[in-house]
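Below are the chains, spelled out letter by letter.
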Amino acid sequence: MGSLVAIAVALVLVAACGGKSKSAAAVPMGQELYTLSCAACHGTTGAGNTFTLKGQTIKVHALGWADLSQAYATDPSRGSVEQQIGLAITKGLDEKGEALNQMMPRWSTLSSAQVDSIIAYIKANFK
Ligand code: HEC
């Protein structure tokens, strides 16, 4: 859990310093946020991960855009693929609106511009 606290602290610093970025800088801001906040669990290439922690096995999903956009297209009444992935990130909701495992932090302090930039980064880089 120590690393999670470090991640949270780093995130607050990023939020404090980077809050005024314009959306034109979406992908670079997304890359920075992803590297600080997500890569430790999901991997720098978005390939996912499997951890064993105190005898418990935790599978961290891969974030390939092809799979994500397919999974999150099953119920369009919940919004666009990007909106639903935004809900996964900020509220921990899966494509059915059900709670993701608690190991996925709820990134409720990210601004919508920050969430959009992370999604733009995932979309542009993880196939
Ligand atoms: C502490 C580890 C951890 C961190 C840090 C983390 N995640 Fe996750 N994430 C998980 C786990 C574990 C799951 C799978 C949850 C489940 O299966 O219910 C998950 C699931 C997801 C999902 C849903 C994937 C799917 O196939 O439905 C998305 C999207 C996601 N994470 C994005 C992010 C983003 C973006 C960040 C950074 C802002 C992030 N995660 C940071 C552990 C983490």
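The structure we're discussing is the one just above.
Summarised in this report is the structure supplied together with it. The shown structure was predicted, so the numbers you read here are calculated from the model rather than taken from an experiment. (Residues numbered from 1 in each chain as written. Predicted model: local features only at pLDDT ≥ 70, side-chain atom pairs only at ≥ 80, totals over all residues.)

Focus: the site of the ligand
Selection rule: Near, for a residue, is defined by distance from a backbone-placed C-beta atom to a molecule or strand, with 6 Å as the limit that must not be exceeded. Strands here mean DSSP runs of E at least two residues long; helices mean DSSP runs of H or I at least four residues long; both are numbered from the N terminus. Under the grouping applied here, Gly and all other residues not named as nonpolar or charged are polar, the nonpolar ones being Ala, Val, Leu, Ile, Met, Phe, Trp, Tyr, Cys and Pro and the charged ones Asp, Glu, Lys and Arg.
Around the ligand, a shell composed of 24 residues is seen, among which Cys38, Cys41, Leu100, Asn101 and Met104 lie nearest. Going through the elements one at a time, helix 1 (2-18), helix 3 (39-42), strand 2 (56-60), helix 4 (65-71) and helix 5 (81-91) are the ones with two or more residues in the shell around the ligand. Residues belonging to the shell around the ligand are distributed by class as follows: 19 nonpolar, four polar and one charged.

Observations regarding helix 5
To be explicit about the condition: Note on burial: count the other C-beta atoms lying within 10 Å of the residue's C-beta; 20 or more is buried, 12 or fewer is exposed, in between is partly exposed, and C-beta positions come from the backbone.
Restricting attention to buried positions, one finds in helix 5 the residues Val81, Gln84, Ile85, Gly86, Ala88 and Ile89. Positive backbone phi, approximately 70 degrees, marks Gly92, located one or two places after helix 5.

Considerations on the pairing of strand 1 (residues 49-53)
The cut-off we apply is this: Think of it this way: DSSP has to see at least two bridges between two strands before they count as a pair.
Of all five residues making up strand 1, only zero are buried, and the element is barely covered by its neighbours. As paired elements, strand 1 and strand 2 share five bridges and run antiparallel to each other. Among the inter-strand pairings, Thr50 is bridged to a residue of strand 2, identified as Lys59. Between strand 1 and the antiparallel strand that follows it, strand 2, lie two residues; Lys54 among them carries a positive phi value of about 50 degrees.

Some words on the environment of Ala66
Within the secondary structure, Ala66 sits in helix 4. Remark: the alpha-carbon pair of Ala66 and Lys123, spanning 57 residues in sequence, is separated by 8.8 Å.

With respect to the environment of Pro76
Take Pro76: it is sitting in the loop between helix 4 and helix 5. A tally of 10 C-beta atoms within 10 Å means that Pro76 is categorised as exposed. Along the primary structure Pro76 and Glu95 are separated by 19 residues, whereas in three dimensions their C-alpha atoms are 9.7 Å apart.

A short note on the packing of helix 5 against helix 6 (residues 112-125)
Our working rule: Here, axes are lines fitted to C-alpha atoms. For helices the fit covers the stretch in contact, and angles between N-to-C directions go from 0 to 180 degrees. We call two directions roughly parallel when the angle between them is under 35 degrees, roughly antiparallel when it is over 145, roughly perpendicular when it lies between 65 and 115, and oblique otherwise. Throughout, a crossing is termed right-handed when the near helix is turned clockwise from the far one, and left-handed when it is turned anticlockwise from it by less than a right angle. Residues are defined as contacting one another if the C-beta atoms placed from their backbone atoms lie within 7 Å.
In contact at an axis separation of 10 Å, helix 5 and helix 6 are set at 115 degrees when each is read in the N-to-C sense. As the angle between them shows, helix 5 and helix 6 are arranged roughly perpendicular. The handedness of the crossing between helix 5 and helix 6 comes out as right-handed. Residues Glu82, Ile85, Gly86, Ile89 and Thr90 of helix 5 touch helix 6, and the partners they reach there are Val115, Ile118 and Ile119. Its residues assigned to classes, the contact of helix 5 with helix 6 shows five nonpolar, two polar and one charged.

Let's talk about unusual backbone geometry
For Lys54, which is not glycine, the phi torsion reads 50 degrees and is therefore positive. Residue position: Lys54 is located in the loop between strand 1 and strand 2.

Worth remembering: the numbers are spatial, not functional.
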